[in-house]
Amino acid sequence: MICLALVLTLVLLCITSLFVGVADLSPAAILSDPAALDLIWTSRGPRTVAVVITGGALAVSGTIMQMIVRNRFVEPMTAGTGQGAALGILLVTLFTPSLPILMKMALATTVALATSTVFLFIVNRLPPTQPMLVPLVGLIYGGIIGAGVLFVAYQADLLQYIDIWMNGEFSGVLQGRYELLWIAAGVAALSYLAADQFAIIGMGRTASVNLGLNYTQVVVVGLLSISVVTALTVVTVGMIPFVGLVVPNIVSRLSGDNLRATLPMTAVSGAALVLASDIVGRLIRYPFEIAVGSVFGVLGAAVFLWLLYAPRRHA
Amino acid sequence: MIEISGVSYRIGGARILDGINLTLPKGGISALIGPNGAGKSTLLSLIARLMPHQTGTITVDNLVVGACPNNTFARKLAILPQASDAAPLLSVRELVGFGRYPYHKGRPSAEDHAKVERALATFGLTDLAARRLDTLSGGQRQRAQVAMTYAQDTDYILLDEPLNNLDIAASRSLMRVLRDLAASQGRTIVIVLHDINYAAAYADLIVAMKGGRIVATGTPDDIVTEAVVREVFETDPKIHRIDGKVIIEV
Ligand SMILES: Nc1ncnc2c1ncn2[C@@H]1O[C@H](COP(=O)(O)OP(=O)(O)OP(=O)(O)O)[C@@H](O)[C@H]1O
Ligand SMILES: [Mg+2]
């Protein structure tokens with residue numbers, strides 16, 4: 001029931017997204033005007049697809065990271081994965097600019113994986129009685145890597161790239177410049193196959209061992225999936241914070257942590273919320289745009305607060 | 001049969017377990033008793049490979065703990081740990097369903113669903129099945145955890161203080177279910193109990209631990225005596241025998 005409503009909302013948002021923008025485009029024009037079709041095909045369509053993939057994949061990644069770290073307040077974009085990806089891309093741009101794009105992505109993903117693994121090691125040393133330390137340490141850790149990225153970029157005169165990677169927005173998405181995101185979509189979809197495994201490691205190491213799970217292997221698979229999605233997102237549209245934090249919390253509050261049932265919902269909600277933010281960002285100061293991250297911060301926080309304070313339903 | 005030989009365990013400089021040699025027979029209920037800090041939970045965790053053991057060997061039937069593939073072991077032995085982590089945001093049915101994971105690996109069959117329903121019914125959880133764990137009382141949650149362990153459907157079941165938070169009806173009913181599993185299906189139950197009356201009433205074998213060692217092993221009649229209780233627990237309760245049953249005064 002909720003699922004159906006969510007999917008319908010997403011479809012409506014997608015249609016809206018196709019007809020919102022600087023160039024006037026009415027649904028009727030599609031039938032008569034070839035230029036209109038072209039606009040949809042090369043710009044509005046790709047942008048909509050990119051937003052949907054990004055929102056969905058980041059929300060799924062956030063869920064996986066929260067299960068791995070066993071903490072509700074972390075997400076890849078603020079806890080070192082996103083910054084690691086940016087660092088990787090920067091290093092690749094500096095040292096091996098002639099590599100094919102997929103190789104570059106692989107290297108960036110590797111760096112993101114490394115920084116996330118280090119984060120996990122740090123978290124495992126924190127006292128379990130102090131859950132709020134985890135996000136704080138994550139913020140500091142991500143901040144340090146981010147500062148390193150900035151420093152290197154400044155030295156190498158690459159600050160304009162950094163701006164693109166660090167501040168996510170979709171106005172630059174055009175046909176031919178977003179297709180890498182399809183890999184992120186594929187990886188996020190594949191991670192659904194391990195939904196039960198992720199749910200079990202979310203119950204802790206003891207529960208995992210008892211149920212015969214190879215704990216370390218699942219953690220590695222999860223980190224890999226997070227790193228790929230994050231690196232591809234950072235490269236194509238830039239860092240978008242909060243999606244991986246807010247959406248999984250909303251969904252788990254409403255529907256719990258049985259990921260086999262909830263991950264699809266998480267993906268659709270993430271896509272819908274980010275797309276709504278993107279559309280609002282396009283309209284609010286029309287014809288200028290507000291970056292999707294800022295709008296999402298406000299929108300996501302509002303939804304989350306409403307959930308926190310809305311009367312609790314007992315399912 | 002669980003065979004433990006020469007198992008010691010240290011944390012830092014502290015000796016938690018000290019040269020444990022113990023054979024627990026296949027089939028029946030074995031109760032572990034002993035004062036707080038005796039090492040009961042540590043021993044159970046080692047048997048269930050929740051932590052790697054340092055010296056000695058442990059075998060469960062023909063499976064060597066630590067060497068046997070994790071998933072094979074999960075279909076041989078299930079453990080209910082003492083301190084369960086914060087309740088996951090799952091419904092009772094979902095939690096119990098995860099007990100079937102070692103068999104279905106994420107794709108539950110009709111048989112898995114049927115076993116989950118049976119586990120729910122066995123522990124009187126059918127009415128609560130759709131409720132989320134964080135909305136339950138402590139005892140109801142404990143019952144759900146026990147039901148999950150039960151659903152794992154293993155020959156060996158290790159329970160660390162499962163009667164925690166349970167009322168007398170739930171406690172008796174759990175012990176009866178366990179006795180029935182042992183008697184009619186030949187399952188082997190190892191259970192940590194603090195209430196010696198329960199151990200005396202339901203166990204086939206009682207193992208008393210103290211200070212990381214095993215100080216006495218035997219039938220309830222042998223173990224639940226004033227002398228042994230005094231030695232193990234350093235307290236002096238009276239023990240009565242009524243109708244051939246041992247009852248310890250509280
Ligand atoms: N991480 C640890 N570091 C140091 N000592 C520990 C640690 N874990 C357990 N111990 C010690 O090991 C001893 C045995 O602990 P264990 O949990 O096995 O006892 P227990 O018999 O289960 O006790 P209880 O009846 O209270 O559950 C205790 O003295 C405890 O203080
Ligand atoms: Mg204990």
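Report on the accompanying structure.

About the cut-offs
- Residues numbered from 1 in each chain as written.
- Chains lettered and ligands numbered in written order.
- Predicted model: local features only at pLDDT ≥ 70, side-chain atom pairs only at ≥ 80, totals over all residues.
- Heavy atoms only, no water.
- Helix = DSSP H or I, 4+ residues; strand = E, 2+ residues; numbered from the N terminus.
- Rg over C-alpha atoms; globule rule 2.2 N^0.38 Å.
- Buried < 20%, exposed > 50% of the residue type's maximum accessible area, 1.4 Å probe, protein only.
- Contact = heavy atoms within 4.5 Å.
- Areas by Shrake-Rupley, 256 points an atom, 1.4 Å probe, with all protein chains shown as cover.
- Lys, Arg positive; Asp, Glu negative; His and termini not counted.
- Charge placed at Lys NZ, Arg CZ, Asp CG, Glu CD.
- Donors = N, O, S within 2.8 Å, 3.2 Å for Na, K, Ca; no water.
- Near = heavy atom within 4 Å.
- Nonpolar A, V, L, I, M, F, W, Y, C, P; charged D, E, K, R; others polar.

**Looking at the overall build of chain A**
Each helix and strand in chain A was counted, giving 14 helices and 0 strands. Written out in order from the N terminus, the α and β elements of chain A read α-α-α-α-α-α-α-α-α-α-α-α-α-α. Computed over C-alpha atoms, the radius of gyration of chain A comes to 19 Å, within 12% of the 20 Å expected from 2.2 N^0.38 for 315 residues, which places it in the range of a compact globule. Structurally, chain A occupies a C-alpha span of about 65 × 55 × 30 Å along its principal axes. By residue count, 51% of the 315 residues in chain A fall in the buried class. Long-range contacts, defined as pairs at least 24 residues apart, comprise 75% of the intrachain contacts of chain A with a sequence gap of at least 6. Carbon together with sulfur atoms contributes 72% to the accessible area of chain A, which is approximately 14300 Å² in total. Side chains of chain A carry 14 positive and 12 negative charges; the gap between the two charge centres is 15 Å.

**Description of the side chain of T48 of chain A**
Counting through the fold element by element, T48 of chain A comes out in helix α3 (residues 34-69). When near neighbours in sequence (up to four residues on either side) are disregarded, T48 of chain A contacts C14, S17, L18 and L275 of chain A.

**Remarks on the coordination of the magnesium ion (ligand 2)**
Protein ligation of the magnesium ion (ligand 2) involves S41 of chain B (OG) and Q82 of chain B (OE1), the donor distances falling in the range 1.9 to 2.2 Å. Residue S41 of chain B is found in helix α1 (residues 40-47), and its partner Q82 of chain B is found in the loop between β6 (77-80) and α3 (92-98); the two are separated by 41 residues along the sequence.

**Observations concerning the site of ligand 1**
All names here are of chain B. Contacts to ligand 1 come from 13 residues, most closely from N36, G37, K40, S41 and T42. Protein chains bury 58% of the 640 Å² of accessible surface belonging to ligand 1 in isolation. Broken down by element, the shell around ligand 1 gets its largest block of residues, 3 residues, from α1. For the shell around ligand 1, the class distribution of residues is 4 nonpolar, 7 polar and 2 charged.

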